[in-house]
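Architecture at a glance
Below are the chains, spelled out letter by letter.
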Amino acid sequence: MKKFVLPLVAAALLASTAGSYAAGDLTYVVNNESAKYDPGTTAETFAAPIIGNTFEGLVRFNPENEVIPALAESWEISDDGLTYTFHLRDAKWSDGEPVKAGDFVYAWKRVLDASTGAMNAAMLYPIVGAEAAFAGEGSADDIAISAPDDKTLTFTLNQRVPYMMQLLTYTTFFPVREDVVTADPEGWTRDPATFIGTGPFRVTEFNQGESVVFEKNPNYYDADAVSLDTLTFRLIPDPATALAAFEAGDVDGIEAVPAPEIPRLSVESDGFMVVPALGTTYAFFNPHQAPLDNIHVRKALDMAIDRTDIVEFVLQSADTPALGLVPPGMNVAGEEFTEGRDTFGLSETADVEGAQAELAEAGYPNGEGFPDTLYVTYSSPPIEKLLEAIQQMWKENLNIDVAIQATEWQVYYPDVQKVEYQIAQMGWGADYPHPMTFLDNFVTGSPNNLNNWSNADYDAAIAAAKATGDEAESLAEMRKAEAILMNDHVILPQYHRYNYMMMSPEVTGFWRSSLNVPYFRDAEIAE
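Residues numbered from 1 in each chain as written. Predicted model: local features only at pLDDT ≥ 70, side-chain atom pairs only at ≥ 80, totals over all residues. Heavy atoms only, no water.

1. With respect to helix α6 (residues 239–247)
The condition is simple: Between buried and exposed lies partly exposed: a residue is buried under 20% and exposed over 50% of the maximum accessible area for its type, with that area taken using a 1.4 Å probe on protein chains only. In DSSP terms, a helix is any run of H or I states spanning at least four residues, a strand is any run of E spanning at least two, and both are numbered starting from the N terminus. When we speak of the arc, we mean the arc of directions from the helix axis to the C-beta atoms. It only takes one pair of heavy atoms within 4.5 Å for two residues to be counted as in contact.
For α6, every residue scored as buried is listed here: Pro239, Ala242, Leu243, Ala245 and Phe246. The buried residues of α6 occupy one face: seen down the axis, they fall within an arc of 160°. Among the structural elements, β3 (25–30), β13 (253–254), α7 (262–268), α11 (381–398) and β22 (491–503) are those in contact with the buried residues of α6.

Structure below.
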């Protein structure tokens, strides 16, 4: 069997010591196109491949999931764990201008300006003055971020954050250039001439609906380590079409494999890769829209789907049924977060009798009188197939009809942000390997709280988890918060994800992280 499953922390094809390698051109297929490539403001997974290869921050992950130096060559943390001081290397932007500590100060304060619309501003809230500034209750001048000189960046936290170094690897903490951004705030990330970054590649072409083309960044601080001359991300929405292109030799890699082909490829292909992903696919129930404003309706829908059937027969994958928000694979205080977790009244197979009882409690016995309900999603053949299976389960188990509507991501996502739907397909992939990356999204007012759910007890538990310096206590508070969320049934958890992809065996040095970012910095193509 030629399939190989890589470690949970990362997936990598590490460079071989045998053979010879040459600079070259590599083409990689992506299935979705992002609407936004601004590292400071976006939260879109589909933007990660572009940003992850054109930008770097103070530190980065290596394939072993260790935090290593990037634009910072060294750093110190004060004895009380509150003040961080970073020393920048002699790095340049992709247009040759020097990277300065002030670029970070500008970028982070820009994220904390609410008018910018940054989706992950809460990541910076641990910094003194940050949350108050974002809320308009304090001045940006009071945010404890400073650049004593061009090579030194320092910031101070309100309390210890054990995962702060992991946070710093995320795009929200990447620098951006003030002169570039202010010259064209809305369009600078769509023009190769102004999409100025700090990473191993720089964009030469944005071909909307078709591709993004990169070239090696000659001004990258470690340019000698980059072998590829050009890199192309080709947009092919249908995974089956992408696989045909790969098997014909037209492309070097594809980010997703159609589910029906997984058994064959796992046996036959040296290029097949299984990449563990810290992600959960789920739908939002809108608790402000009938009939989802009734907890018994939400619980009935939650209980009536067969997650094992979804994984084994619909997805035909090694994904795992999801009964909670946080996926397995994250440890806090030496414990796996999901160990011993409650099922919240859910099961991996459908609890038909329990679901029917909940629906009757809501006033719809045997589905009688159930109102028109619409389940919206983004256009994606595998996801649409998944929703059709769920639709059929609800019909068979609850005798209700739920309509499905799919639209392109660029139209779909802004509509979901307005929270005007009844049920919306989404999910979340970890931004950093810690449960808080999932739990923070459901705090009242979070930009990623896309069903506007609010619970004071939940907010208090998250605040307590962040405030304590005791990791075991923090773990207990985070588990408490997840239970509050799940017992209110405001999401429909479906499965915890694995990624199935292809990469030519001739390509080495490529790796795709469990945070779902493909890295080409060290990729090489055999001669």
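2. What to know about the pairing of strand β11 (residues 211–216)
Spelled out, the test is: Strands pair, by our definition, only if DSSP identifies at least two bridges between them.
Pairing of strand β10 (residues 201–207) with β11 involves six bridges; the strand directions are antiparallel. From the neighbouring strand, Val203 faces β11, where its bridge partner is Phe214. The antiparallel hairpin formed by β10 and β11 contains three residues in its connecting segment, where Gly209 sits at a positive phi of about 80°. When β11 meets strand β12 (residues 230–235), the two strands line up antiparallel, connected through five bridges.

3. Comments concerning the packing of helix α14 (residues 456–467) against helix α15 (residues 471–487)
In a pair of packed helices, the angle between the axes and the distance between the axes together describe the arrangement. Stated formally: An axis is simply a line fitted to the C-alpha atoms; with a helix, the fit covers only the stretch in contact. Between two such axes, the angle follows the N-to-C directions and lies from 0 to 180 degrees. Note on angle classes: values under 35 degrees are labelled roughly parallel, values over 145 roughly antiparallel, values of 65 to 115 roughly perpendicular, and the remainder oblique. By the definition used in this description, the sense in which the near helix is turned from the far one sets the handedness, with an anticlockwise turn below a right angle giving left-handed and a clockwise turn giving right-handed. For this classification, the nonpolar set comprises Ala, Val, Leu, Ile, Met, Phe, Trp, Tyr, Cys and Pro, the charged set comprises Asp, Glu, Lys and Arg, and every other residue, Gly included, is treated as polar.
It is at 8 Å that the axes of α14 and α15 come closest, and there the two elements cross at 160°. Put simply, α14 runs roughly antiparallel to α15. The chirality of how α14 crosses α15 is left-handed. In this structure, α14 uses Asp457, Tyr458, Ala461, Ile462, Ala464 and Ala465 to contact α15, whose residues at the interface are Ser474, Glu477, Met478, Lys480, Ala481, Glu482, Ile484 and Leu485. Of the residues assigned to the contact of α14 with α15, the class counts are nine nonpolar, one polar and four charged.

4. Some words on unusual backbone geometry
Looking along the chain, the bond that leaves Ala290 and enters Pro291 is cis, with omega of 0°. As for its position among the elements, Pro291 is in the loop between β14 (272–285) and α8 (295–303). Look at Val419: it is not a glycine, yet its phi comes out positive at around 55°. Here Val419 shows up in the loop between α12 (409–417) and β20 (423–425). For Val419, a relative accessible area of 11% gives the class buried.

5. So, the sheet that holds strand β7 (residues 83–88)
Taking strand neighbours across the sheet as the criterion, the four strands line up as β6-β7-β9-β8 in an open arrangement whose pairing is antiparallel. In this open sheet, the two strands that pair with only one neighbour each are β6 (72–77) and β8 (145–149). Each adjacent strand pair in this sheet contributes to an overall mean axis angle of 20°, direction not counted. Across the face of the sheet, helix α2 (residues 101–111) comes into contact with β7, β8 and β9 (152–156) while running at roughly 165° to β8.

6. Some remarks on the confidence of the model for the chain
Using the following cut-off: The predictor reports its confidence for every residue as pLDDT, a score running from 0 up to 100.
Averaged over every residue, the pLDDT of the chain is 93; residues scoring 70 or more account for 96%. Confidence drops under pLDDT 50 across residues 1–22; counting only partners more than four residues distant or on other chains, this segment forms 64 contacts.

7. Structural notes on the pattern of salt bridges
This is how it is decided: Whenever Lys or Arg places a side-chain nitrogen within 4 Å of a carboxyl oxygen from Asp or Glu, that contact is recorded as a salt bridge.
Per the stated rule, a full pass over the model turns up 19 salt bridges. In this structure, Arg264 engages Glu247 in a salt bridge whose closest nitrogen and oxygen atoms are separated by 3.1 Å. Separated by 17 residues along the polypeptide, Arg264 in helix α7 and Glu247 in helix α6 bring together distant segments of the chain. Between Arg264 and Glu261 there is a salt bridge; the shortest N-O distance is 2.7 Å. On the basis of relative accessibility, which here comes to 28%, the residue Arg264 falls in the partly exposed class. Residues participating in the shared-partner salt-bridge network are Glu247, Glu261, Arg264 and Glu268.

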